[in-house]
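Overview (structure and organization)
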Amino acid sequence: MSVIGLYVPGTGPLHRIAAGPKLLALLVVGAALLIAANLWAALGALAASLLLYPLVGLHPRRALGVLRTLWPFLLAIGVFQALFVGAWAEGVRLCAQLAALVLLANAVTLTTRVREMLDLFERLARPLRRLGVNPDRVALVLALTIRSIPMVATAWRAAREGYRARGLSGRPHLLVVPVIVQLLRMADATGEALVARGIDEDTRT
């Protein structure tokens, strides 16, 4: 089972909080980090997000699994900032900020049932019905977005296995393109499945 984006049954503090407050808190923290744009704030948020997992009853390996998946992308961001922008501190801040937000978002998804989250977004979208927005479609899009989180982990594992099978080592950047190609294939297959089930029929009339 993927360590990213799957609900884990439990009775911890985060499990007992409704989806709305958790998502609002995540939004506030994310906005605060982006507005502050401070290295120490980003590092503090990263440390706090790592400590959050055992505090709310989630195994630390789930946090480590997220970082293991992210590290090639974080490395690429850091190297780009250091070599081409000349701001290594900015690179560290961006990496810490991104890692902290992904860890926090993952903690929310691990402690929130997908149905509860989709019901929340569907309720929030109901006022948009007057503008022609279908709340059911909003829930569907969000469901597919949530489903894509473990799909990323699956694509990463497949690319890494192929990388090792070819005897490659020391060049993790070679994994980026295969992961993107695999995700595009998954997205195409998902689209075909939706069309086959007539999900988009009302958009063609």
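Residues numbered from 1 in each chain as written. Predicted model: local features only at pLDDT ≥ 70, side-chain atom pairs only at ≥ 80, totals over all residues. Heavy atoms only, no water.

**Side note on the overall build of the protein chain**
Under the convention used in this document: Numbering of helices and strands starts at the N terminus; helices are DSSP runs of H or I of at least 4 residues and strands are runs of E of at least 2. Each residue is assigned to one of three classes by its accessible area relative to the maximum for its type, calculated with a 1.4 Å probe on protein chains only: buried under 20%, partly exposed between the two thresholds, exposed over 50%. We call two residues in contact whenever any of their non-hydrogen atoms come within 4.5 Å of each other.
Looking only at helices and strands, one finds seven helices and zero strands in the protein chain. When its helices and strands are written in sequence order, the protein chain yields α-α-α-α-α-α-α. Looking at the protein chain as a whole, 32% of its 205 residues are labelled buried. For the protein chain, the proportion of contacts with a sequence separation of at least 24, taken over those separated by at least 6, is 73%.

**Examining helix α2 (residues 39-55)**
Put simply, the rule is: One fewer than the residue count of a helix, multiplied by 1.5 Å, yields its expected span. This arc corresponds to the set of directions leading from the helix axis out to the C-beta atoms. Whenever two N or O atoms come within 3.5 Å, that pair is a polar contact, provided that in protein one can donate a hydrogen and the other can accept it, and provided that, for residues adjacent in sequence, both atoms are side-chain atoms.
Compared with an ideal rise of 1.5 Å per residue, which puts 17 residues at 24 Å, α2 spans 24 Å between its outermost C-alpha atoms and is within 8% of the ideal. Of the positions making up α2, those classed as buried are A42, A45, L46, S49 and Y53. Summarising the axial view, the buried residues of α2 lie within an arc of 100°, below the 170-degree limit, and thus occupy one face. Those residues of α2 that are exposed and angled more than 90 degrees off the buried face are W40, L51 and L55. Contacts made by the buried residues of α2 are with α1 (19-36), α3 (60-85) and α4 (88-110). Residue N38 occupies the N-cap position of α2, its side-chain oxygen lying 2.9 Å from the main-chain nitrogen of W40.

**Notes on the nonpolar core**
As a reminder, the rule being used: What is meant by a nonpolar core is a set of buried Ala, Val, Leu, Ile, Met, Phe, Trp, Tyr and Cys residues, joined one to another through side-chain atoms within 4.5 Å.
Ranked by size, the top nonpolar core spans 20 residues in total, and within it L46, Y53, L58, L74, L103, A107 and L110 carry the most contacts. Elements represented by at least two residues in this core include exactly α2, α3 and α4. Not counting chain neighbours up to four residues away, the residues in contact with L46 comprise A96, A99, A100 and L103.

**Thoughts on the environment of T11**
Along the chain, T11 falls in the segment before α1. As a C-alpha pair, T11 and T111 span 100 residues in sequence and 9.0 Å in three-dimensional space.

**Brief notes about the UniProt feature "transmembrane region" (unreviewed entry) in the protein chain**
Stated formally: UniProt positions are given in the numbering used here, feature names are shortened, and annotations may be inferred rather than shown by experiment.
Residues annotated by UniProt as "transmembrane region" (unreviewed entry) correspond here to residues 23-50 and 70-89. In the segment residues 23-50, helix accounts for 93% and strand for 0%; the C-alpha atoms at its two ends are 18 Å apart. With 90% helix and 0% strand, residues 70-89 has end C-alpha atoms that lie 19 Å from one another.

**Some thoughts on the pattern of salt bridges**
To keep it simple, the criterion reads: Each reported salt bridge corresponds to a side-chain nitrogen of Lys or Arg within 4 Å of a carboxyl oxygen of Asp or Glu.
If you walk through the whole model with that rule in mind, you get one salt bridge. Notably, a salt bridge pairs E90 with R93, separated by 2.4 Å at the nearest N-O pair. Of this pair, E90 and R93 both sit in helix α4, three residues apart, which is roughly one turn of that helix.

**Focus on the packing of α1 against helix α5 (residues 114-125)**
Inclusion rule: Under this scheme, a helix contributes an axis fitted over its contacting stretch, all axes are lines through C-alpha atoms, and angles between N-to-C directions fall in the 0 to 180 degree range. Working definition: roughly parallel below 35 degrees, roughly antiparallel above 145 degrees, roughly perpendicular at 65 to 115 degrees, and oblique for all remaining angles. Amino acids outside the nonpolar list (Ala, Val, Leu, Ile, Met, Phe, Trp, Tyr, Cys, Pro) and the charged list (Asp, Glu, Lys, Arg) are all regarded as polar, and Gly is one of them.
At a closest axis distance of 9 Å, the pairing of α1 and α5 adopts a crossing angle of 75°. By the criterion of interaxial angle, the relationship of α1 to α5 is roughly perpendicular. The residues of α5 that touch α1, namely those facing A19, G20 and L23, are E116, M117, L120 and F121. Class assignment of the residues belonging to the contact of α1 with α5 gives a composition of five nonpolar, one polar and one charged.

**Remarks on the side chain of E122**
The residue E122 is located in helix α5 in this model. Not counting the four nearest positions on each side in its chain, E122 is found in contact with R115, P135, D136 and A139.

**Concerning the packing of α2 against α4**
Heads up, the rule is: Crossing handedness: left-handed means the near helix sits turned counterclockwise from the far one by under a right angle, and right-handed means the same turn made clockwise.
Across the interface, α2 lies against α4 with an axial gap of 8 Å and an inter-helix angle of 30°. Considering their axes alone, α2 and α4 lie roughly parallel with respect to each other. With respect to the hand of their crossing, α2 and α4 are arranged in left-handed fashion. For the pair α2 and α4, contact is made by L39, A42, L43, A45, L46, S49, L50, L52 and Y53 and by A89, V92, R93, A96, Q97, A99, A100, L103, L104, N106, A107 and L110, respectively. When grouped by side-chain class, the residues that make up the contact of α2 with α4 number 17 nonpolar, three polar and one charged.

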